[in-house]
Structures are given as C-alpha cells and as structure tokens.
Amino acid sequence: MLSTIKKGLFALVCLLALVILVFNSFLVEPALKFGLSRLQTTTGTQSSFMGVSGNLLTGKLSVQQLKLKREVEGRNAFDLEIANLVIDLGLLRIFEPEWRFDSLVMAGVRGKFVAMPRTEGQSGVLRGSNLFSVGKLHVSHAEITHENLRDGGAREPITLEVKGLEVEEYRSRWSLYDLLFHSQLTGTLDGQPFQVRRQ
C-alpha cells in the first residue's frame, strides 16, 4: 500500500514538473514582449529581438540580438543593438512603477546616441514611469557613437568604447553619479584610453 502511494506521489511530481516546464517554455517570449511593449508605452522605444530563453519562475532571461530604437520629438534618440542580454528580474516586479533588476549583463553593444534639443518646458529629469535600478550592472565590448545636437547645432560625434563596466548599484535617477563613483570602467574615448575606479 505504502509503495503504491509513493509511486503515485512520484508520478504526480513528474507531471507537475512537466506542466511547469511546458508553461515556462510557452510563456517566456510573450512575457518579454509584454515588458518591451510597456517600455514602448512609457518611453517611446521600439524594439525587436531574435531569440529568448530563460525561466519565468526565477525571473532570469537571456535575449539574443535585441534592438532598441527611439525617435521621439523632444527626447534623446538612440539606435542600439545588444548581441546578448541576460536579465535577472523578479516576475512580479514588472508590475511595479519602478523596475528593480537584480542584475543586467550586456555583451556586444553597438549603436548611436543622439542628444536632441529639449522642447520648451522640458526638464530633462526622468519621470517615475522611466525609473529603474539594477543591483549589478555589467557591460562588455560596447561601442557607442554620441552626437550632440543641443545648444546651437551639431558637433563632431565622439565614439565611446567600453571594454568593461561593472556597477554594484545602478540607479537611473542618479546614473551619472553611480557611473562615476560606484563603478569600475575601462575603455576609450575617441581612441584615448581611460579608466574609472570604484570609490
């Protein structure tokens, strides 16, 4: 009798594991699309990706060939491609006003960023719907061209190459401060090497 109960429990556990596996595999991509659609709604950022894998129960996703593009009047513009992005985000956190990522790991980042003139009355401060924080941010092999169209016209673009960036606590509200004082950064700026060490 006891042996039959054990076999029944084992079969039930196997069935539940199979259901969870199927549930996870079918919903990973829709979950990412939901998050990206929310990103477009709040920031005007268009996106696409080639592939995604991960586990919704743990909140870990790996995204391949993620493209992000924004061309919205009065907002800074960018056109970026990330070869590989690994996200660690609690599933229920996507419903919170300010997203909290446990970690973000980006490798192979290419593209451009354009600082656009601000429209009248625009403060340049991030609103609540655009705020996020990252427990551990890691970026490697990134090359970004920066073009400044503010303050009276175009300037010569500059190219930032990031060989390695590590930030223990990154907050979009205080992004410049965290990048300067809470990071380890090595790279080049228009071919000139530089290094930032964590304080």
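Our subject in this report is the structure included herewith. (Residues numbered from 1 in each chain as written. Predicted model: local features only at pLDDT ≥ 70, side-chain atom pairs only at ≥ 80, totals over all residues. Heavy atoms only, no water.)

### What about the overall build of the chain?
Here is step 1: The secondary structure content of the chain amounts to 2 helices and 10 strands.
Here is step 2: Evaluated residue by residue, the chain yields a buried proportion of 30% over its 199 residues.
Here is step 3: Put simply, 56% of the contacts in the chain that link residues at least 6 apart link residues at least 24 apart.
Here is step 4: By element, 61% of the accessible surface of the chain is carried by carbon and sulfur atoms, the whole surface being about 12900 Å². (Helix = DSSP H or I, 4+ residues; strand = E, 2+ residues; numbered from the N terminus. Buried < 20%, exposed > 50% of the residue type's maximum accessible area, 1.4 Å probe, protein only. Contact = heavy atoms within 4.5 Å. Areas by Shrake-Rupley, 256 points an atom, 1.4 Å probe, with all protein chains shown as cover.)

### A few points about the nonpolar core
Here is step 1: In terms of nonpolar packing, the biggest core is built from 32 residues, with Val63, Leu66, Leu85 and Leu137 touching the most fellow members.
Here is step 2: For this core, the secondary-structure elements that each account for two or more residues are α1 (2–43), β3 (60–70), β4 (77–88), β5 (99–115), β6 (132–148) and β7 (158–167).
Here is step 3: Not counting the four nearest positions on each side in its chain, Val63 is found in contact with Leu32, Phe49, Gly51, Val52, Ala83, Asn84, Leu85 and Ile87. (Core = buried A, V, L, I, M, F, W, Y, C linked by side-chain atoms within 4.5 Å.)

### Focus: a nonpolar patch on the surface
Here is step 1: A cluster of nonpolar residues, Trp174, Leu176, Tyr177, Leu180 and Phe181, forms a patch on the protein surface that exposes about 540 Å² of accessible area.
Here is step 2: Tracing the chain through its elements places Leu176 in helix α2 (residues 175–181). (Patch = residues over 30% accessible without salt bridge, like charges linked within 9 Å, V, L, I, M, F, W, Y side chains within 5 Å. Salt bridge = Lys/Arg side-chain N within 4 Å of Asp/Glu carboxyl O.)

### A look at the environment of Phe78
Here is step 1: With respect to the element layout, Phe78 can be found in strand β4.
Here is step 2: A relative accessible area of 16% means that Phe78 is categorised as buried.
Here is step 3: For the pair Phe78 and Thr45, spaced 33 residues apart in the sequence, the C-alpha separation amounts to 8.9 Å.
Here is step 4: Residues contacting Phe78, with those up to four places away along its chain left out, are Thr45, Leu68, Lys69, Arg70, Lys112 and Phe113.

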